[in-house]
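Given next are the chains, with one letter for each unit.
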Amino acid sequence: MIHYFIVQNRSGKTRLAKWYQPYTEEEKTKLTSEIYRLLNAREAKFTNFLEFRTYKIVYRRYVGLYFVMCVDTTDNELAVLEAIHLFVEILDNYVRWGNFSLGTLFDQ
Amino acid sequence: MVPLIINSLQEDLQSRSEHNACLALSTIATIGGKDMSESLAPHVMNLLISTTTPSAVRKKAALCFLRLYRRNSQILQLDNNLLQKFFALLEDHDLGVVNSTIALISEIAQNDPASFELATPRILKILLKVQNLEYSREYMYHSVPHPWVQVRCLRFLKIIPPSQKAHLDQLTQILQKTFNNTEMPRNATENQRNAINAVLFEAISLVIHLDYDQGLTATVVNFLGRFISARETNVRYLGLEAMAHLTQSDSNQGPLLRKYQKIVVAALQESDISLRRRSLELLYNMCDRESSKEILVELLNYLAACDVAIKEELVVKIAILAEKFSQTYAWYVDVILQLIRIAGDYVSDEIWFRVIKIVTNNEDIQEYAARNVFKSLKVEPWHENMVKVGGYILGEFGDLIVNQPGSGPMDQFKTLHSRFGAVSISTRALLLSTYAKFANLFPEIKSNIREILTQHQDHIEVEIQQRACEYLRLTVPNAEQLLQTILEAIPPWDEKAETAAEPAKKRYTAPTDGSSAAKTENGGAAAAAGGAGAGAAVGTGSGLVDLIGMGAPQQVTATATAVSQQGLAMPGGATRSVGQAAAQLSLLDIGTGSQPATTPAAAGAGGFGFGATPTGAGPLTGFSANIGAPEVAPIVGAGVMPGAGPAASAGPESSGVGPTAALGTGLTEEQRASVQTMWRRLCLVSEGVIFQDANLQIGMKSEYNGAEGRVMIYFGNSSTMPLTKFSVVIQNVPYLNIQCGPAPTVIASRAQATQPLKFQVLREFPDSPCMQVSYVNVNKQVTHVVPLPIFLSKFLSPPAEGAAVAGPTFLQKWKLLVGPGMESQEIFPSKVPIDITWVHKVFAQGFKISVLEGVDPLKNNFVLAGTLTLADGPVEVLARLETNMEANVYRITVRSSRSASSEFLKALFVSQLQAGQ
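Within every chain, residues take consecutive numbers counted from 1 along the sequence as written. Just so you know, chain letters begin at A and ligand numbers begin at 1, following the order they were written in. pLDDT decides what is reported in this predicted model: residues at 70 or higher carry local features, side-chain atom pairs at 80 or more are listed and counted, and totals for whole chains, interfaces and linings draw on all residues regardless. Excluded from the side-chain calculation are hydrogens and water; included are all heavy atoms of the structure.

Enquirer: Looking at this structure, I do not really get helix 12 (residues 233-249) of chain B. What am I missing?
Expert: Each turn of an α-helix holds 3.6 residues, which means side chains three or four residues apart point in the same direction. Secondary structure elements are taken from DSSP: a helix is a run of H or I of four residues or more, a strand is a run of E of two residues or more, and numbering for both begins at the N terminus. A helix is expected to span 1.5 Å for every residue after the first. With 17 residues, helix 12 of chain B ought to run about 24 Å at 1.5 Å a step, and its terminal C-alpha atoms sit 24 Å apart, in line with that. Among the 17 residues in helix 12 of chain B, 14 count as buried, and that is most of the element. We call a residue buried when its accessible area falls under 20% of the maximum for its residue type, exposed when it is over 50%, and partly exposed in between, using a 1.4 Å probe and counting protein chains only.

Enquirer: Hey, could you run me through helix 21 (residues 384-397) of chain B in this one?
Expert: Spanning 14 residues, helix 21 of chain B covers 20 Å between terminal C-alpha atoms, matching the ideal 20 Å at 1.5 Å per step. By the criterion of burial, helix 21 of chain B is predominantly enclosed, with 13 of the 14 residues buried.

Enquirer: Could you clarify how one ought to interpret the side chain of Arg278(B) in this entry?
Expert: Relative to the helices and strands, Arg278(B) resides in helix 15 (residues 273-286). Residue classification places Arg278(B) among the buried positions, given a relative accessible area of 14%. Not counting the four nearest positions on each side in its chain, Arg278(B) is found in contact with Glu51(A), Tyr237(B), Leu240(B) and Glu241(B). Should any heavy atoms of two residues lie within 4.5 Å, those residues are counted as being in contact.

Enquirer: Just checking my understanding: could you explain the pairing of strand 8 (residues 752-761) of chain B for this structure?
Expert: Looking along a regular strand, one sees side chains alternate from face to face of the sheet. Residue and element names in this part refer to chain B. Of all the 10 residues making up strand 8, seven are buried; the element is thus mostly covered by neighbouring parts of the structure. Paired strands, as defined in this entry, are two strands with at least two bridges between them according to DSSP. Sheet analysis places strand 5 (residues 708-717) next to strand 8, joined by nine bridges and oriented antiparallel. Each residue of the ladder has a partner; that of Ile713, found in strand 8, is Gln755. Sheet topology places strand 7 (residues 736-740) next to strand 8; five bridges connect them, and they run antiparallel. When the bridges of strand 8 are listed, Cys740 appears paired with Leu757.

Enquirer: Before we go on, may I ask you to explain the sheet that holds strand 9 (residues 770-777) of chain B in this structure?
Expert: The strands that make up a sheet are held in pairs by hydrogen bonds between backbone atoms, and each pair lies either parallel or antiparallel. All names here are of chain B. Read across the sheet, three strands follow the order 6-9-10 without closing on themselves; strand pairing throughout is antiparallel. Whereas interior strands pair on both sides, the edge strands pair on one side only; in this sheet they are strand 6 (724-730) and strand 10 (780-787). With direction set aside, neighbouring strand axes in the sheet form an average angle of 10 degrees. Both strand 9 and strand 10 contribute to a ladder of eight bridges, which runs antiparallel. Residue Gln772 lies in a different strand from strand 10, and its bridge partner there is Val785. To obtain an axis, a line is fitted to C-alpha atoms, over the contacting stretch when the element is a helix, and the angle between two such axes runs from 0 to 180 degrees between their N-to-C directions.

Enquirer: Could you clarify how one ought to interpret the environment of Ile490(B) in this entry?
Expert: Residue and element names in this part refer to chain B. Tracing the chain through its elements places Ile490 in the loop between helix 26 (480-486) and helix 27 (495-498). Here Ile490 falls in the buried class, since its relative accessible area comes to 10%. As a C-alpha pair, Ile490 and Asn361 span 129 residues in sequence and 9.5 Å in three-dimensional space.

Enquirer: Just checking my understanding: could you explain a nonpolar patch on the surface for this structure?
Expert: Residues and elements named next belong to chain B. Judged by side-chain polarity, Met1, Val2, Leu4 and Ile5 come together as a nonpolar surface patch covering roughly 440 Å² of accessible area. Note on placement: Val2 falls in helix 1 (residues 2-13). In this structure Val2 comes out as partly exposed when scored by relative accessible area, which is 43%. Each patch is built from residues lacking any salt bridge and having more than 30% relative accessible area; the joining distance is 9 Å for like charges and 5 Å for nonpolar side chains (Val, Leu, Ile, Met, Phe, Trp, Tyr). Here the accessible surface of atoms and residues is derived via Shrake-Rupley with a 1.4 Å probe, and residues count as covered only by protein chains that are part of the display. By definition, a salt bridge exists where a carboxyl oxygen of Asp or Glu is found within 4 Å of a side-chain nitrogen of Lys or Arg.

Enquirer: Help me understand the side chain of His456(B) in this model?
Expert: Within the secondary structure, His456(B) sits in the loop between helix 24 (446-455) and helix 25 (462-474). Excluding residues that lie within four positions of it along the chain, His456(B) makes contacts with Phe420(B), Ile464(B), Gln465(B) and Ala468(B).

Enquirer: Could you clarify how one ought to interpret the packing of helix 40 (residues 836-847) of chain B against helix 41 (residues 899-915) of chain B in this entry?
Expert: Pairs of packed helices are described in terms of their axes, by the angle between the two and the distance that separates them. All names here are of chain B. One way to put it is that helix 40 packs onto helix 41 with a least axis distance of 11 Å and a crossing angle of 135 degrees. The angle between helix 40 and helix 41 places the two elements in the oblique class. The way helix 40 lies across helix 41 gives a crossing that is right-handed. Mapping the contact onto sequence places Trp838, Val839, Val842, Phe843 and Phe847 in helix 40 and Leu908, Phe909, Gln912 and Leu913 in helix 41. Gly counts as polar in this scheme, as do all residues outside two lists: the nonpolar Ala, Val, Leu, Ile, Met, Phe, Trp, Tyr, Cys and Pro, and the charged Asp, Glu, Lys and Arg. Of the residues assigned to the contact of helix 40 with helix 41, the class counts are eight nonpolar, one polar and no charged. Orientation is classified from the angle alone, with under 35 degrees giving roughly parallel, over 145 giving roughly antiparallel, 65 to 115 giving roughly perpendicular, and any other angle giving oblique. Crossing handedness follows the turn of the near helix against the far one: under a right angle anticlockwise gives a left-handed crossing, and clockwise gives a right-handed one.

Enquirer: Would you mind going over the packing of helix 15 of chain B against helix 17 (residues 308-325) of chain B with me for this structure?
Expert: All names here are of chain B. As a packed pair, helix 15 and helix 17 sit with axes 11 Å apart at the nearest point and diverge in direction by 5 degrees. Judged on the interaxial angle alone, helix 17 and helix 15 are roughly parallel. Contacts between helix 15 and helix 17 involve Ile273, Arg276, Arg277, Leu280, Glu281 and Tyr284 from the first element and Ala309, Ile310, Glu313, Leu314, Lys317, Ile320 and Leu321 from the second. In the contact of helix 15 with helix 17, the residues fall into eight nonpolar, no polar and five charged.

What follows is the structure in C-alpha cells.
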C-alpha cells in the first residue's frame, strides 16, 4: 500500500505531494526533510530502496527531481519503482501535449 | 453543510458524464469521513457492480471503495450475490477493471479468506490470459504484459493459495513459465528488466511462501544465488532480501545456501546501507551450529569497521547468535568480551547482565571468565561496560584466580580502582560493592578497602555515600561471620523463571541458604516495592541492576530488614544461622531506616517464598494483575496455610482424577472448600499455587496464545530434606497435544525447580488433565495426583479487532447461530448476592472475552463475544447473561457453531458465577 508520494527537487523543496495517510502538517514537514536528507546523501549507483522507519522508500531521480514513494516493507519494490516510471512517462506525455517540455518542469 | 455536499456528490456519482463521476469518486476517496463513507459507500458499490457503468468509472469505483473499506470495514455487507458480482468483475475484458478489482478483493480476502476461496481459480485464469497476451495491447509495458496485474495476482495467491490439485498444477505451470521467460533480450531497457524482475521476485516470494515442492525451490535457490552477485544493485538487494525470507521460512535451506556465504559476507562491505542491512539480516538468519563460528568472526570483524547507523543492531545480533550457538560457554564469554571491547557503547545492559548470569550459573567457566575479564580490564582503551562486568565477576569469582601470577588480590583491586575515577556514579556504586566483596574474599586487603570506603563516606552522591557507610560498618574487625554471611557468593540464577513475565519476581531463587547481600537486596527491593506495580517500577533487566545493588538508595537498609524477616520467619533448621546474622544486624543498628513496606510483605511468607517470589508480596502481585489483591489474599492464605499441615495427602496412594478428588484427600470440609475456591480461581488467573503439602508446593504460571499454551510448573521443596527420585508424569489426554520440558529429578532442601509444558488444544474438553508427582522424602515414597489448571476457557480471547462486534452485528450473528446443539442454556441461582461489577470483571478480565455495551438495554444483563481458538481454527462464541437481582438467579445462554464449545464453556461460566467471589 502506498502511504505517500512526494516529488522533491534537488534542494529539498517539495514540488508535489500526495498523502494517503492522515499526517499532521508538522509530521509532513518532518518526513519530507528527513527523506530529503537521506536521499541526498545517496550515490547514483545505490539501490532505489531504503528502509525508513517501519516502511520502505522507493525512489527514482529524474534529472533534478526525486520521485519518492513510501510503501509497506512487504510490497514489491520493483513494481513500485516501475509505477513511478509509468507515472513520469504519463506526466511527460501530458506536458508535451500542452506545448511544454518536461525539461522546464525539471529545471525549476 | 455536510449533507449538502454529500447530496451533490451523490448526484455527480450518478451523472452521465464520466468525468463528473470520476471526480466525485476521487473526492470521496480523498475526504471520506465517517458520514460520507456511510451514506455514499452503497452508491460507490452500485457503480462498481452495475452493468451500465463505463470501465473508467468502474476502475475508480473499485479503488474508491477500497479506500473506504480500509478505513471502515463495516461498510461492506458481503453476501453470496455480491461475491458473484465480484467474480464477474474478475472476468471483465478490461484489464484495468480486473486490476482494481483484485486490489479490492485482496484487501477483503485478508479479513475473510473463507469467502474468497472460489476466487483463486479465477485469478489463475487471469494470470494465464496475461501470459498468453489475451488482453488488449495497450496494457503492454515495455514489452512486458502488464507486470502490475501479474504481481497483484501472485500476491493474491499468497493470501488464498490454491487447494485443489488441478489448480496447483496450473500454478506450477504458470510459475515455471515465469521462471523460463527471464532471459533478458539483449537490448532490454532498464524498465523492461525491472518489469520482468518485479514479476519474477513476486513469483519467488510466492514459492517460498507456499513452501512449494522441491523442484521449484531448487530453481529459486539457483536464481537467488545468481541475483546476489548480479551487477545491478537493485537486484542484489532484492536477492538478499528474498534469500533472508527463504532462510526464515525454511531453516533446512542452510546447507544449500552455505556456498553463498562468502558473497553475502562481501556484501557487508557495500557502501549502500540498504544492502548492508539486508546482508546482515541474511547472515543472521543463515547462521546455524556449523557456520556460527565463521559468521561470528566475520561479524566481529565487520563490527570494528562499520558505521554507527548499523552498529547497535549488529551488537544485539552478535550477542543473540553467540548465545544461541555457543558450543562452549568459554567461547560465548570470549565473544561478549570482544563485543564490549570493540563496541562497548552499543552493548546494552541486557547483554552484559546475560553474560554475568551465564558465568554465575556455570561453575566450570567461572575461573576462565575471571581470568579473561581481568586480562581485558588491563587492555587500553577500556570501556565502562568492561569495568562493570569486571567488577561483578571479580567480586564474585576473583578468588579463583588469585594464585595465578600477577592477579593477586592487590592486583585485582588496583586494576579495578585505577578505573574508579573515570566511571559513572552507578558503576562506582557497583565497584564499591565489589570492594566489599573483596574485603570478604581477601582479608589481607581489607584495610585498603576500608580506606577507600572511608574516603567516600561523605561523597556528594547519596548512593555512594550510603554504600560507603554501610560497607564500612560491615567490614569492622570482629564481624567476620556477619560479613561472610551477607557477602556470600551469589547462588545460580533461576534460568526458567527468567523467561517469566514479571521482572520483579523473575530473578529470585528460593532462599536455599544464607543470604548474600546482593541476593537479599533484590528481595528487599522487591518486597519494598510491594504489590503496587513492582514490575513496572523495576522494569526488564533492571532487576539485575538491583541484584548488584543499584536500585533504590536504601537497599542495604532494606536488606537488613529483609534478612531479619526471612531469618525469623524461616521455620527453623536452616543450614546457616541466618537468624543469628539477622539478630546481629539488628544489633548493629544498620536497619534504622526501617522499611514499612517490607514488614507486611514479608510477614505472610511463612518463611518460604514461592514461585520465584521472595516474600508474600509476590503472590499478591501476581493475582492482583488479574483480579485485585484484596480479594485474593485470603484465598492464597487458605490454600497455603491449612493445606500445609499433615492433612494433605501423603503416602504412596494415588487418588482419583478431578480437582477436588485429588486435592481434597483427607481434608476437612472447610479445607476442601478452600481448595475448591482456589481451583476455581485458577480458571480465571494465569498463575497461582496448585498444590501444597508438608514437603512440596507446586505453583504455575501460564500464558496462552491462540490455540497454544505454555505453563511453567514450579516445584518448591519446603522441607529441610532434599526430595529425591522426583518424577512428574503428565496425563496423556486426547484433547491436548502436550510437550513436556525436562522435569527435575532431585530438589534440594528449600530449593525450587521448574518444568515447562507446551501444548496445543485439539478440541473442546470439559475437565482438566492431571499430573502425577512422586518423590522420596526421608525414605518415604509419596505420590500425588494433581490436576493441572488448564481449562477450555483459557483458549478464549476477545474477537479479533477487525471483526469487532457491534450491537446490530451481534444480533445478526446471534440469530444465525440456531440449530441443534449450538445453544446451551442454564438457569441457576447464585450462592451470594449478585454483584454486577464483579460479574463484569469475571468476564472481561478473568475469561478474557469482550463485554459488549449497549446491545442489551437492561444494564444488569451482559452480552458477551469471544473467539475460542482450537488447533483447527477459531470458533466464534457469543453469550448472553441475564440476571434477576430479586430472585438472585442467573440465566446464561451460550451460542457457537459447535455444540461442545457452547456446552463446556457454559459449564465453566456457571461454575464461576454460581459460587460468587
